[in-house]
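An overview of the molecular structure
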Amino acid sequence: MTSLLSAMPALVLVALSYGALCALSPIGACRKCKGWGAKIHQTRTGRLKRGRTCRRCDGYGVRLRLGRRLYNATVRLHRAHHDDSTR
Ligand SMILES: [Zn+2]
């Protein structure tokens, strides 16, 4: 139990820093296309060329962080609940 108790502050710190990260920069680069929005091909001359549009991010090259999506869902749920109680 002692090891778990001593690990708690670290876990809290990790959770807090992740939450801060999601709050500060909710959008991250798409992991599949690395923010290009499309597959990148290298031509024989060594130049980079845009290929097909990335299916994962629909060509935007960005994606919403999981934490931000959870936050959005929580806010939506909370708002819906609040509207019901005020009406
Ligand atoms: Zn992508």
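None of these values were measured; they are calculated from a predicted model.

**A short note on the overall build of the protein**
The number of helices and strands found in the protein is two helices and four strands. Secondary structure elements of the protein occur, N-terminal to C-terminal, as α-β-β-β-β-α. In terms of overall dimensions, the protein has C-alpha extents of about 60 × 50 × 20 Å along its principal axes. Looking at the protein residue by residue over its 87 residues, the buried ones come to 5%.

**What about the environment of Arg-50?**
For Arg-50, the location among the structural elements is in strand β3 (residues 48–53). Judged by the 13 C-beta atoms lying within 10 Å of it, Arg-50 is partly exposed. With 11 residues separating them in the primary sequence, Arg-50 and Lys-39 have C-alpha atoms 6.0 Å apart.

**Details of unusual backbone geometry**
Its identity as a non-glycine residue notwithstanding, Lys-34 has a phi of 55°, on the positive side. By secondary structure assignment, the location of Lys-34 is in the loop between β1 (27–29) and β2 (38–42). The phi dihedral of Asp-58 is positive, around 60°, even though this residue is not glycine. When you line up the elements, Asp-58 lands in the loop between β3 and β4 (62–64).

**Some details on the environment of Leu-5**
Here Leu-5 is to be found in helix α1 (residues 2–24). For the pair formed by Leu-5 and Thr-43, sequence separation is 38 residues and the distance between their alpha carbons is 56 Å.

About the thresholds
- Residues numbered from 1 in each chain as written.
- Predicted model: local features only at pLDDT ≥ 70, side-chain atom pairs only at ≥ 80, totals over all residues.
- Helix = DSSP H or I, 4+ residues; strand = E, 2+ residues; numbered from the N terminus.
- Buried ≥ 20, exposed ≤ 12 C-beta atoms within 10 Å, placed from the backbone.

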